[in-house]
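Fold and contact review
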Amino acid sequence: MAAHGDGGGDGAGRALPPHSPSGSVLQTVEMHTGGEPLRIIPRLEAAEQAAAAGLSLLSLRREMAARQDHVRRALMHEPRGHAGMYGAVVVRGGAAAEGAHLAVLFLHCAGYSAMCGHAVMALGRFALDYGLVPAPTRPETAVRLRCPCGPVTAFVPWDGHRSGNPVRFHSVPAFAAATDLAIDVPGHGKVVVDIGYGGTFYAFLSAEQLGLDVCSSRTRDLVSAASAVTEAVKKQFKLHHPESEDLAFLYGTILTDGKDAFSEEPTTNICVFADEQVDRSPTGSGVTARIALQYHKGLIQLDQTRTFRSSTTGSLFTGKAVKATKFGNYNAVIVEVSGEAFYTGTATFTVEEEDPLKHGFFFK
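Just so we're clear, the structure is a prediction, and the values are computed from it rather than from any experiment. (Residues numbered from 1 in each chain as written. Predicted model: local features only at pLDDT ≥ 70, side-chain atom pairs only at ≥ 80, totals over all residues. Heavy atoms only, no water.)

Mapped onto the secondary structure, Thr 283 falls in the loop between β15 (277-278) and α7 (284-296). Since its relative accessible area comes to 2%, Thr 283 is described here as buried. (Helix = DSSP H or I, 4+ residues; strand = E, 2+ residues; numbered from the N terminus. Buried < 20%, exposed > 50% of the residue type's maximum accessible area, 1.4 Å probe, protein only.)

If you want it as structure tokens, here you go:
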């Protein structure tokens, strides 16, 4: 919650450290899903005022970037955040929510995402435990979220007092944007990639094509190679989104172990997104897109569950295609992704106006 606090007084009984009278006080709820952090901002007054004025969520995303980006930088960047930090601004009511229990803007160190599966799982629990769903039901409650990519539903265990795990979600229709696409990657030569959409677009290829092993190569080498692929795809392939060109951007590259055919054994991947940011989880929107690609290629059938492992933490998500559908001109599927989200604490951050680094700095 963004608010203004009083920096005066003699210090007796002070609840907050000294801060400027005009400086922001930002309260957050801290969570992680599969090791990937989520810093939730339960309420940001400027965002809710803009939503109440009639801004759509995509328009609100642009407004946030243009006028409130100092909030993202203060909470994602050092010294309050770090190079792997991820966040979510909860927006209640207004045009942005459009009948959902809550709308959400996703934040990371380089900007704003359209979809985030690990965040959806955490926000599902948060919405129940913090009373955003008026009448939760046992043993599971459907939590309706409005994300920049569209409506997403999380299904959260509820025992009448608190939420639990695992949390599963159904995202917007997922589809194969391109398969077996030849891309020339500087320093690596020709590689063949697939491009899948799971609320945002990713390029997929086996790490082996780049002379690497997703399980044993140095993370720095995997990150550099994946980033080179991302930049090459951006230059050589034009993306199209059926509903909004605001969503037609490549979010990152996911390197895999190449095990795309159906198996009971986990398949391992690493997701490198935004400005070389590494997902600690198996990546919820990435699992969604990868399932869509595997279904498109006939490698899996409806309701065949696959397990996905993060190469960074070893954490696991499961995914399956549950329904075939259409999305614009694309043959698409609704994908169910499941994982575990946990609370790690709460925090109150203050700002001193005279601090030259008050809005953070980014160090890689």
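One can find Thr 33 in strand β2 (residues 24-33). For Thr 33, a relative accessible area of 0% translates into the label buried. The residues touching Thr 33, leaving out its near neighbours within four places in the chain, are His 118, Met 121, Ala 122, Ser 281, Phe 317, Glu 340 and Ala 341. (Contact = heavy atoms within 4.5 Å.)

Another point: the environment of Phe 175. Tracing the backbone through its elements, the reader meets Phe 175 in strand β10 (residues 174-185). For Phe 175, a relative accessible area of 1% puts it in the buried group. Ignoring anything within four residues of it in the chain, the contact list for Phe 175 reads Ile 195, Gly 196, Tyr 197, Phe 201, Pro 242, Ala 292, Phe 327, Tyr 330, Asn 331 and Ala 332.

Attention now goes to the domain arrangement of the protein chain. Entries for the protein chain in the domain assignment read domain 1 (24-166 + 343-349) and domain 2 (172-338). Just the C-alpha atoms count here: the centres of domain 1 and domain 2 sit 24 Å apart. Facing the 26 residues of domain 1 at the interface are 25 residues of domain 2. Of all residues in domain 1, Gly 34, Glu 36 and Cys 149 bury the most surface against domain 2, accounting for 25% of the area lost on that side. Here domain 1 and domain 2 share one salt bridge between them. Notably, a salt bridge pairs Arg 62 with Asp 246, separated by 2.1 Å at the nearest N-O pair. On inspection of domain 1 and its partner domain 2, the count reaches seven residue pairs in polar contact (both at pLDDT 80 or more). For the side of domain 1 that touches domain 2, the secondary-structure elements that each account for two or more residues are α2 (57-67), α5 (117-129) and β8 (150-157). Considered class by class, the residues forming the side of domain 1 that touches domain 2 number 14 nonpolar, nine polar and three charged. (Domains from an automatic or database assignment. Buried area = accessible area lost by both parts, 1.4 Å probe. Salt bridge = Lys/Arg side-chain N within 4 Å of Asp/Glu carboxyl O. Polar contact = N/O pair within 3.5 Å; in protein donor to acceptor, adjacent residues only side chain to side chain. Nonpolar A, V, L, I, M, F, W, Y, C, P; charged D, E, K, R; others polar.)

Here two bridges tie strand β5 (residues 102-108) to strand β7 (residues 140-147), and the two strands are oriented parallel to one another. Within β7, the residue paired with Ala 103 across the bridge is Arg 146. As paired elements, β7 and β8 share eight bridges and run antiparallel to each other. Pairing of Arg 146 across the sheet is with Pro 151, part of β8. (Pairing = 2+ DSSP bridges.)

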